[in-house]
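Observations on the three-dimensional arrangement
Next come the chains, spelled out residue by residue.
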Amino acid sequence: MLGMPTLPPPAPRGVGHLRGDESFPAAARHALADTQLRANLGHATRTIRAKRASVVAELPDWEELREAGRQLKVHTMAHLPDYLEQLEAAVTARGGVVHWARDADEANRIVVDLVKAKGVDEVVKVKSMATQEIALNEALEAAGVSAWETDLAELIVQLGHDRPSHILVPAIHRNRSEIRRIFLDEMGDVDPDLTDEPAVLAGAARLHLRRKFLSAEVAISGANYAIAETGTIGVVESEGNGRMCLTLPKTLITVMGIEKLVPRYTDLEVFLQLLPRSSTGERMNPYTSMWTGLTPDDGPQEFHLVLLDNGRTQVLADAEGRDALNCIRCSACLNVCPVYERAGGHAYGSVYPGPIGAILSPLLTGVEDNASLPFASSLCGACYDACPVKINIPEILVHLRARHTETYAEEHRAPSAEAVAMRTLSYVMRSPLRWTLALRSGRFGRLLGRRRGTIGEVPLPVVKQWTETRDLARPPQQTFRDWWADTHSGDPS
Amino acid sequence: MKIGLLITCLADAMFPDVGRATVAVLERLGHTVAFPAEQSCCGQMHVNTGYQKAALPLVERYADVFAPYDAVVAPSGSCVGSVRHQHGLVARRFGSTGLQDAVTDVAGKTYELSELLVDVLGVTDVGAYFPHRVTYHPTCHSLRMLRVGDKPLSLLRAVDGIRLVDLPDADQCCGFGGTFAVKNADTSTAMMTDKMRHVLDTGAQFCSAGDSSCLMHIGGGLSRIRSGVGTVHLAQILAATRDRPYAVDQAHATTLEGRA
Ligand code: SF4
């Protein structure tokens, strides 16, 4: 329609890390075969899970807090354009510059131009999901700028030429002897007698990073939240590297997804309680840094805020999927997810792994670009229980499954075998007569597995995937309804 | 009270014993149950696989068939979960306002077996006898969608002769998840393997649960490795008495002997 503003597009292809090269089941297969990886993951998630459960149990009002967090988010999303404008005005009033980026390409271009204008070839970075999402490091690299990750786990991933596999603990898939190897091979200036003691490893990283902190002129960060009312941006972290980046360099560039907004300063009261307990199982996070525009002669003297859409407006337009934007990236859903624990973060093919990734990535890219993700869940519901802002992940998964099958049906003339099966089943099941007949004819299955009473491997589609590792019970002589008819036929029903 | 019986499609076709056991328990307690033969599946399989429109006629049928009853009971946590949490979803998307109301109404009186027994009928001791070592897997949908809590366990604890042993990591999903078991067969198997290890660690003769589908999955794995451990639905334990003990089926009996 003429004059109607069009929705910004979904996250574009060819840039960023939201899509995998393989489907989830294929990618999971590699992780499942890697016993070391499975042991690392199982151990790590189990430890965080236990820690989280105990600190959550300490709070008598945890459920009220969750509800408060949810409502704050729902309210903010319902009024997002207004709050964003309020934020822009507040940041500008305090001497910051606000940039709007429709997608990953635009955001990368903005940041690269800002860095180039400073004439530097090195920047320090605070761990940030948004810049991972748009592959900012790669864009900077292409422009001849080295971006140094300063979060310990993120540094391990970067030095290991690896990809993060967890929102909060990006190197969760690595154990300490692997980390020692990476440091020895990649750090250059590291003591060759380095041991794999966590404290020794952290010490080596600290030495390595200190030089970067002291020399860097430009820092790039993400944001855990932005306060519309005051224009304050906040980052929480636990190593202190973030604080160094946010205070030492002359120029600070923050890239933030447009959903990371809270209306008022006092709203932090809720999120600063929900986040650390859900994510690291701590009562409080060690470092909370907040800045509001510029302060003369203190901290950065130039501040840029890049507001990133990259598909978020599309998510907002999806009434059933919208709640995915409420995510505060605590990673609690990953740590309780049995699928994540086995398949690992890389299987999700996106910087957002686990249950939240299974909904957020397809929502940002369009479901057809990540069509296997909504099915990468047994719908056990553990994620929904753990989520500090009560995102009903199972329900959104089911919604996205429907969107996928419906989109597929619209785009293909011939229905998939699965669609035919589902429709046929529905047709048969909605008629008691047809269903009874189908059940009777189904008893040909009794021919199979006559010897043991169970059915072993059967090389038929679907049945094969089932019977590879599981026996199938042999269908019984009589269905329930036939038994009922025999025994209760005179009954009223 | 007029109690309607929902026999899930899986129980109807593959595990009629579970349906018979449900009837037996309720009749023994003096209740009459009705099995309206016009019923079919709850549509969960369709919704979970992404075919909500195909589920619509099944949702309509459910609301229609069970409207006249005071309570509806099913020996399946996941099907009751579907009725309570998915029927409304489908009705809102594709159905009329009339259907939405009907669905809400019938969902409010649909119970999983342990809920009906404990909450509605107010019994925990149903007079059962089951002299075996049993461990109980709570199943995700009973645990999280229905929040049945320890209702099944309180029913089991009251069973005469039973030796109930705790299942380690009981709240972990067994990896079934409907079509998940086929679409993500490798991950599903990895989850099942851990569940089986925990079951075997308990030394139980039977793994029990309130859902035939999870039991089909866990039992299929236990059978494949010739573990000698059987699966039994909660309803089957509750239906067994001294006069009519649970018939340990032939295949299972052999493997049990082999194990001893
Ligand atoms: S979806 Fe919820 S649990 Fe998962 S990371 Fe986001 S806020 Fe945390």
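Criteria and thresholds
- Residues numbered from 1 in each chain as written.
- Chains lettered and ligands numbered in written order.
- Predicted model: local features only at pLDDT ≥ 70, side-chain atom pairs only at ≥ 80, totals over all residues.
- Heavy atoms only, no water.
- Helix = DSSP H or I, 4+ residues; strand = E, 2+ residues; numbered from the N terminus.
- Buried < 20%, exposed > 50% of the residue type's maximum accessible area, 1.4 Å probe, protein only.
- Contact = heavy atoms within 4.5 Å.
- Areas by Shrake-Rupley, 256 points an atom, 1.4 Å probe, with all protein chains shown as cover.
- Lys, Arg positive; Asp, Glu negative; His and termini not counted.
- Charge placed at Lys NZ, Arg CZ, Asp CG, Glu CD.
- Pairing = 2+ DSSP bridges.
- Axes fitted to C-alpha atoms, helices over the stretch in contact; angles between N-to-C directions.
- Buried area = accessible area lost by both parts, 1.4 Å probe.
- Salt bridge = Lys/Arg side-chain N within 4 Å of Asp/Glu carboxyl O.
- Polar contact = N/O pair within 3.5 Å; in protein donor to acceptor, adjacent residues only side chain to side chain.
- Nonpolar A, V, L, I, M, F, W, Y, C, P; charged D, E, K, R; others polar.
- UniProt positions renumbered as here; feature names shortened; annotations may be inferred.
- Phe/Tyr/Trp six-rings, centres within 6.5 Å; stacked < 30°, edge-to-face > 60°.
- Lys NZ or Arg CZ within 6 Å of the ring centre and 35° of its normal.

**Some thoughts on the overall build of chain A**
When its secondary structure is counted, chain A shows 22 helices and 12 strands. Each principal axis of the C-alpha distribution contributes one length, and for chain A these read about 90 × 65 × 50 Å. Burial analysis of chain A (493 residues in total) assigns 54% to the buried set. When contacts within chain A are restricted to residue pairs at least 6 apart in sequence, long-range pairs at least 24 apart make up 73% of them. When the accessible area of chain A is evaluated, it comes to approximately 21400 Å², of which 54% is carbon and sulfur surface. Taken together, the 54 basic and 62 acidic charged side chains of chain A have centroids lying 8 Å from each other.

**What about the sheet that holds strand E6 (residues 232-237) of chain A?**
Residue and element names in this part refer to chain A. In space, the 4 strands of this open sheet follow the order E8-E5-E6-E9, with mixed pairing throughout. Looking at which strands have only one partner, the edges of the open sheet turn out to be strand E8 (261-262) and strand E9 (287-292). In this sheet, E8 lies alongside strand E5 (residues 225-227) in parallel orientation, the contact comprising 2 bridges. Paired with isoleucine 227 across the bridge in E8 is valine 262. Running at roughly 170 degrees to E5, helix H12 (residues 268-279) makes contact with E5, E6, E8 and E9 of the sheet.

**As for the side chain of B:Ser82**
All names here are of chain B. Locating serine 82 in the fold gives a position in helix H5 (residues 77-85). We classify serine 82 as buried; its relative accessible area is 1%. Sequence-distant contacts of serine 82, defined by excluding residues within four places in its chain, comprise Cys42, Gln44 and His87.

**Details of the sheet that holds strand E10 (residues 302-308) of chain A**
Residue and element names in this part refer to chain A. Reading across from one edge, E1-E10-E7-E4-E2-E3 is the order of the 6 strands in this open sheet, with parallel pairing throughout. The strands lining the two open edges of the sheet, one partner per strand, are strand E1 (97-101) and strand E3 (146-149). Here the average twist between neighbouring strands, direction ignored, is 25 degrees. As paired elements, strand E7 (residues 251-257) and E10 share 7 bridges and run parallel to each other. When the bridges of E10 are listed, leucine 252 appears paired with phenylalanine 303. Contacts between helix H4 (residues 80-93) and the sheet are confined to E1, E7 and E10, with E1 contributing the most and set at about 145 degrees to the helix.

**Some remarks on the interface of chain B and chain A**
Opposite the 69 residues of chain B that make contact, chain A presents 66 residues. With both chains or domains summed, chain B and chain A bury close to 5900 Å², and 57% of this area falls on carbon and sulfur atoms. Counting the contacts that link chain B with chain A gives 8 salt bridges. Between B:Arg147 and A:Asp385 there is a salt bridge, with the nearest N and O atoms lying 2.6 Å from each other. The tally of links from chain B across to chain A stands at 25 residue pairs in polar contact (both at pLDDT 80 or more). The leading source of residues in the side of chain B that touches chain A is helix H12 (residues 185-202) of chain B, at 9 residues. A breakdown of the residues in the side of chain B that touches chain A according to their chemical character gives 35 nonpolar, 20 polar and 14 charged.

**A short note on the side chain of A:Asn108**
Residue position: A:Asn108 is located in helix H5 (residues 104-117). Setting aside anything within four residues of it in sequence, one finds A:Asn108 in contact with A:Val15, A:Ile134, A:Ala135, A:Leu136 and A:Ala139.

**Quick notes on the UniProt feature "domain: Cysteine-rich" (unreviewed entry) in chain B**
This chain's UniProt record puts "domain: Cysteine-rich" (unreviewed entry) on residues 7-82 and 134-218 of chain B. Between the C-alpha atoms that bound residues 134-218 of chain B there is a distance of 14 Å. The span itself is 49% helix and 12% strand.

**Quick word on the packing of aromatic side chains**
With the rule as written, the count across this model stands at 13 aromatic pairs over all chains. An aromatic cluster is built from A:Phe480, A:Trp483, A:Trp484 and B:Phe35, whose rings are joined through pairwise contacts. A cation sits over an aromatic face here: A:Lys212 above A:Trp148, 4.0 Å from the ring centre. Above the plane of the ring of B:Tyr69 lies B:Lys2, whose end atom (NZ or CZ) is 5.0 Å from the centre.

**A look at the pairing of E6(A)**
Residues and elements named next belong to chain A. Most of E6 is tucked away: 6 of the 6 residues are buried. With burial as the criterion, each face of E6 is covered, one bearing Thr232, Gly234 and Val236 and the other bearing Ile233, Val235 and Glu237. With 3 bridges joining them, E5 and E6 adopt antiparallel strand pairing. The residue of E6 that forms the bridge with tyrosine 225 is glycine 234. Hairpin connection of E5 to E6: 4 residues between the antiparallel strands, including glycine 231 at a positive phi of 80 degrees. Examined bridge by bridge, E6 and E9 share 6 bridges and lie antiparallel to one another.

**As for the environment of B:Leu200**
Residue and element names in this part refer to chain B. Assignment of secondary structure puts leucine 200 in helix H12. For leucine 200, a relative accessible area of 30% puts it in the partly exposed group. Along the primary structure leucine 200 and serine 227 are separated by 27 residues, whereas in three dimensions their C-alpha atoms are 8.0 Å apart. Discounting chain neighbours no more than four positions away, the residues touching leucine 200 are Leu222, Ile225, Ser227 and Val229.

**Regarding the pattern of salt bridges**
Residue and element names in this part refer to chain A. All chains considered together, the criterion is met by 35 salt bridges over all chains. A salt bridge links glutamate 178 to arginine 174, with the shortest nitrogen-to-oxygen separation between them at 3.5 Å. Where arginine 181 meets aspartate 185, a salt bridge forms, and the shortest distance between an N and an O atom there is 3.3 Å. Here arginine 181 pairs with aspartate 185, and both are found in helix H9 (residues 176-186), just 4 residues apart, close to one helical turn. By relative accessible area, which is 44% here, arginine 181 ends up partly exposed. The class for aspartate 185 is exposed, based on a relative accessible area of 52%. Salt bridges sharing partners connect three or more residues here, namely Glu133, Glu259, Arg312 and Arg329.

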